[in-house]
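Here is what each chain is made of, one letter per residue.
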Amino acid sequence: MYTVIGFPRTRTMRVMWMLEELEQTYELVPAMPQSEEIKSYNVMGKVPALIDDNETLVDSVAICQYLADKHGALTFPSGTIERARQDSFTQFAIEQFESPMWTAAKNTFILPEDIRMPEIKSVCRAEFDVAIDYLGKRLATRQFVMGDTFTVPDLILGHCCQWARAAKFSIPEGPITEYFERVLSRPAYAKAQKRGEDTSPTQ
C-alpha cells in the first residue's frame, strides 16, 4: 500500500486521483505545505510526497508518471514517439497552463507581502488565455490530448482546470469546456474528491 503525504486541496489531489485511476490502495497523511510533517519528507516543504516500499518520491508530476509507468496504465511506453508527444503535453500543462496560476497565487497569498507584485496578475491572466487557446488548437477534435486514451497530462490538465475555476481564470465555452467535463467526470476523480472532503490538515 502506498502512503500519500499532503492535503487534498493542493497538488496532492493529482496523486490521489492517479491512485484511484489505478485502483491502488493508499493511506493519506494530511499535511499542509511548509508543515513540519511534510518537511520531514521534503526539505522544501512542498506537497505531495509518496512513500513506496520505504522510498520517498516528491513532485506531483514525477509521482504521477512514476505510478503510470509502474502499473502500465494511463501512459504510452517510454522510448516511443507517442510517449514523447505525451510528455510534450505534460510539459505544456506545467510550463504554460499551470505556471500563470502559480505565479498569480504566489503574488496573492503565498509570498511575503513586502515582495508581492499584485500588478503581475493581469499578465498571468493574459498568459493563461494564450495557453488555453493553444490547448484548444492542439486538442482539436480529439477526446483526450493523446486521442482516445486518457493519460497523465489529461489528469494534470484536469486538476489545473479546477484550480483555474477556483481562481476565476477564464475558460471558454465550447470544445475546451467539453474536454474538461470529460476529464473531470471520471469516476476515479470523484472517488479522490470524496476521500479528501473530510480530511483535516496537519499544520
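Placed above this text is the structure.
What comes next concerns the included structure. (Residues numbered from 1 in each chain as written. Predicted model: local features only at pLDDT ≥ 70, side-chain atom pairs only at ≥ 80, totals over all residues. Heavy atoms only, no water.)

Brief notes about the environment of Tyr179
Okay, so step 1: Within the secondary structure layout, Tyr179 lies in helix H7 (residues 175-184).
Okay, so step 2: Note on Tyr179: relative accessible area 0%, which makes it buried.
Okay, so step 3: Once the C-alpha coordinates of Tyr179 and Ile81 are considered, the two residues, 98 residues apart in sequence, prove to be 23 Å apart.
Okay, so step 4: Leaving out residues up to four positions away in the same chain, Tyr179 has contacts with Leu139, Gln143, Phe144, Val145, Asp154 and Leu157. (Helix = DSSP H or I, 4+ residues; strand = E, 2+ residues; numbered from the N terminus. Buried < 20%, exposed > 50% of the residue type's maximum accessible area, 1.4 Å probe, protein only. Contact = heavy atoms within 4.5 Å.)

Concerning the nonpolar core
Okay, so step 1: In terms of nonpolar packing, the biggest core is built from 53 residues, with Trp17, Met18, Leu67, Phe97, Leu157 and Phe180 touching the most fellow members.
Okay, so step 2: In terms of residues, this core owes the most to one element, helix H6 (residues 152-166), which gives eight residues.
Okay, so step 3: In this structure, Trp17 is in contact with Phe150, Leu155, Gly158, His159, Val183, Leu184, Ala188, Tyr189 and Ala192, ignoring residues within four places of it in sequence.
Okay, so step 4: Counting seven residues, the second-largest nonpolar core is a separate cluster that includes Ile5, Val29, Ala49 and Ile51. (Core = buried A, V, L, I, M, F, W, Y, C linked by side-chain atoms within 4.5 Å.)

With respect to the pattern of salt bridges
Okay, so step 1: Throughout the structure, instances matching the rule amount to seven salt bridges.
Okay, so step 2: Residue Glu98 pairs with Arg14 through a salt bridge whose shortest N-O separation is 2.3 Å. Here Glu98 is found in helix H4 (residues 81-110), whereas its partner Arg14 is found in helix H1 (residues 8-21), with 84 residues between them in sequence.
Okay, so step 3: Using a relative accessible area of 6% as the deciding quantity, one classes Glu98 as buried.
Okay, so step 4: Taking the shortest distance from any N to any O, the salt bridge between Asp69 and Arg83 comes out at 3.0 Å. With Asp69 in helix H3 (residues 60-71) and Arg83 in helix H4, the pair connects residues that are 14 residues apart, well separated along the chain.
Okay, so step 5: By relative accessible area, which is 39% here, Asp69 ends up partly exposed.
Okay, so step 6: Residue Arg83 is classed as buried on the basis of its relative accessible area of 9%.
Okay, so step 7: Ionic contacts of the salt-bridge type, sharing partners, join the residues Arg11, Arg14 and Glu98 into one network. (Salt bridge = Lys/Arg side-chain N within 4 Å of Asp/Glu carboxyl O.)

Regarding the sheet that holds strand E4 (residues 55-58)
Through backbone hydrogen bonds, the strands of a sheet pair up, either in parallel or in antiparallel fashion.
Okay, so step 1: The strand order E2-E1-E3-E4 describes an open sheet built from four strands, whose pairing is mixed. Both outer strands of the open sheet, strand E2 (26-29) and E4, are each paired with one neighbouring strand and no more. Averaged over neighbouring strand pairs, the angle between their axes works out to 20° when direction is ignored.
Okay, so step 2: Examined bridge by bridge, strand E3 (residues 49-52) and E4 share four bridges and lie antiparallel to one another. Its bridge partner lying in E4, Asp52 is registered against Glu55.
Okay, so step 3: Those strands touched by H1 are strand E1 (2-5), E2 and E3, and its axis lies near 175° from that of E2.
Okay, so step 4: The sheet strands contacting H3 are E1, E3 and E4, and the helix crosses E3 at an angle near 30°. (Pairing = 2+ DSSP bridges. Axes fitted to C-alpha atoms, helices over the stretch in contact; angles between N-to-C directions.)

Structural notes on the packing of H3 against H6
The relative placement of two packed helices is expressed as an angle between their axes plus a distance between the axes.
Okay, so step 1: In contact at an axis separation of 10 Å, H3 and H6 are set at 145° when each is read in the N-to-C sense. Relative to H6, the crossing made by H3 is right-handed. Together, Val61, Cys64, Gln65 and Ala68 of H3 and Val152, Leu155 and Ile156 of H6 make up the contact between the two elements.
Okay, so step 2: Tallied by class, residues from the contact of H3 with H6 come to six nonpolar, one polar and no charged. (Left-handed = near helix turned anticlockwise from the far one by under 90°. Nonpolar A, V, L, I, M, F, W, Y, C, P; charged D, E, K, R; others polar.)

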